[in-house]
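This is what each chain is made of:
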Amino acid sequence: MPLDSKGNPAPGAADRPEPSAAPRLLTRLMWAAVRHVFQAFLQLPDALLATVADRLGRRGPDGIRPVDPRAFLHAAFVRRFGAGMPVFDPATARKPRLLSLWLLEGRPGRMQSVRDITFPGPDRRLRARIYTPPDCPADAPALIFMHFGGCVTGDLDTCHTACTIIARHAHCKVCSIEYRLAPEHRFPAALRDVIAAFQWLRREAPTLGIDPGRIGIGGDSAGGYLAAAACLALDAERAPKPKMQLLMYPVLDMDRRALPETPFDNCYPLTRADMTWFADLYLRRPEDAVNPLCSVSRAETVEGMPPTILIQARHDLLFDEGNRFAERLRDAGISVDHHVFQTLPHAFSAMSGGLPAARDALVETAALTGDVLRAEEAEAPCAQIAI
């Protein structure tokens, strides 16, 4: 920054960005403009977008409805002009990219407050973000939420918009956790962070305006895995557990090579190659994949699981394992709300700005979560609901 003869900022200097900041500002403005134009395109009539998508090759496997045309067009755009994640090293994959889910991200919902804090983790203090919606009661329920990203990418901003939507429509506080990432911190580091976050929030709940008896845990994709694994671990230790778990298209088996192929193995935004890449970075050694705290579907029993909301996207290579897990929970007598959104792909929680169906699904998921958090006792197990 230019200085005058006394070492103070020169007149007008505070109004001018640093030389290195100017290109970054220009890039952000360019990206914002591209996103605005792209989302405006997706606001064209449904029939027109469906016609365009169909002419570009949109079709579903036999017996399955085609994917949402907006999701298809976004995937086609990214595939045409972008690059696949497995070619990147983790540091590069963590950098923001224009041609990504970011194009579909919506505006955050209005909150009473959004507060960044730290809490004591197993080895060091970790970051968290607490969302308080406008109508939040003084002694509120709360949901601990973990972002997607294969336990390799992501931070507190990854699911920022989704957390505001959940908080607003669940009428609860949401505590988003920035857990440690692989390969710098491999299994079970992230899981230990999540367990520490839950136990810390229970202890500190009264000072945060939270009811300690109404704390749930959840996440999407890898975040859903971490939520389920934390519940397994807490049950094994006979420790207090969350009131409920929200599992949004969770990863339930880390050994993708051992699983059969699916019609969605090459579907954006999550492919079989992506899953293998994530697992290779997350596991300390291949044998970790048989550990139920790494591959929750391999647990001997799920009888100690809390009431569960299991949300799935039909156009997702994780669908079959999630469907089997829902059946297993029901067979064990666990209360389950199992919702399948037939035309949505993986990671639709990050698509609320471009896909009305994704936003609707997220709002419905939030409302279900709030109902379970406020329930006086567990409901009877529910049947699968296809939407």
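This text goes with the structure placed above it.
Described below are features of the structure shown in this document.

Conventions used here
- Residues numbered from 1 in each chain as written.
- Predicted model: local features only at pLDDT ≥ 70, side-chain atom pairs only at ≥ 80, totals over all residues.
- Heavy atoms only, no water.
- Axes fitted to C-alpha atoms, helices over the stretch in contact; angles between N-to-C directions.
- Helix = DSSP H or I, 4+ residues; strand = E, 2+ residues; numbered from the N terminus.
- Parallel < 35°, antiparallel > 145°, perpendicular 65-115°, else oblique.
- Left-handed = near helix turned anticlockwise from the far one by under 90°.
- Contact = heavy atoms within 4.5 Å.
- Nonpolar A, V, L, I, M, F, W, Y, C, P; charged D, E, K, R; others polar.
- Salt bridge = Lys/Arg side-chain N within 4 Å of Asp/Glu carboxyl O.
- Buried < 20%, exposed > 50% of the residue type's maximum accessible area, 1.4 Å probe, protein only.

Details of the packing of helix 5 (residues 160–170) against helix 10 (residues 356–374)
- Put simply, helix 5 and helix 10 touch, their axes get as near as 7 Å, and they point 50° apart. Classified by the angle between their axes, helix 5 and helix 10 sit oblique to one another. Every pair of crossing elements has a handedness; the one defined by helix 5 and helix 10 is right-handed. Contacts between helix 5 and helix 10 involve Ala 162, Ile 165, Ile 166, His 169 and Ala 170 from the first element and Arg 359, Leu 362, Val 363, Ala 366, Ala 367, Gly 370 and Arg 374 from the second.
- A per-class count over the contact of helix 5 with helix 10 returns 8 nonpolar, 2 polar and 2 charged.

Some remarks on the pattern of salt bridges
- On inspection of all chains with the given rule, the structure shows 20 salt bridges.
- Close ionic contact of Asp 116 with Arg 129 constitutes a salt bridge, the shortest N to O distance being 2.6 Å. Highlighted residues: Asp 116 in strand 1 (residues 113–120) and Arg 129 in strand 2 (residues 125–132), separated in sequence by 13 residues.
- As a salt-bridge pair, Arg 214 and Asp 211 come within 3.3 Å of each other at their nearest N and O atoms. For the residue pair Arg 214 and Asp 211, the accessibility class agrees, reading buried in each case.

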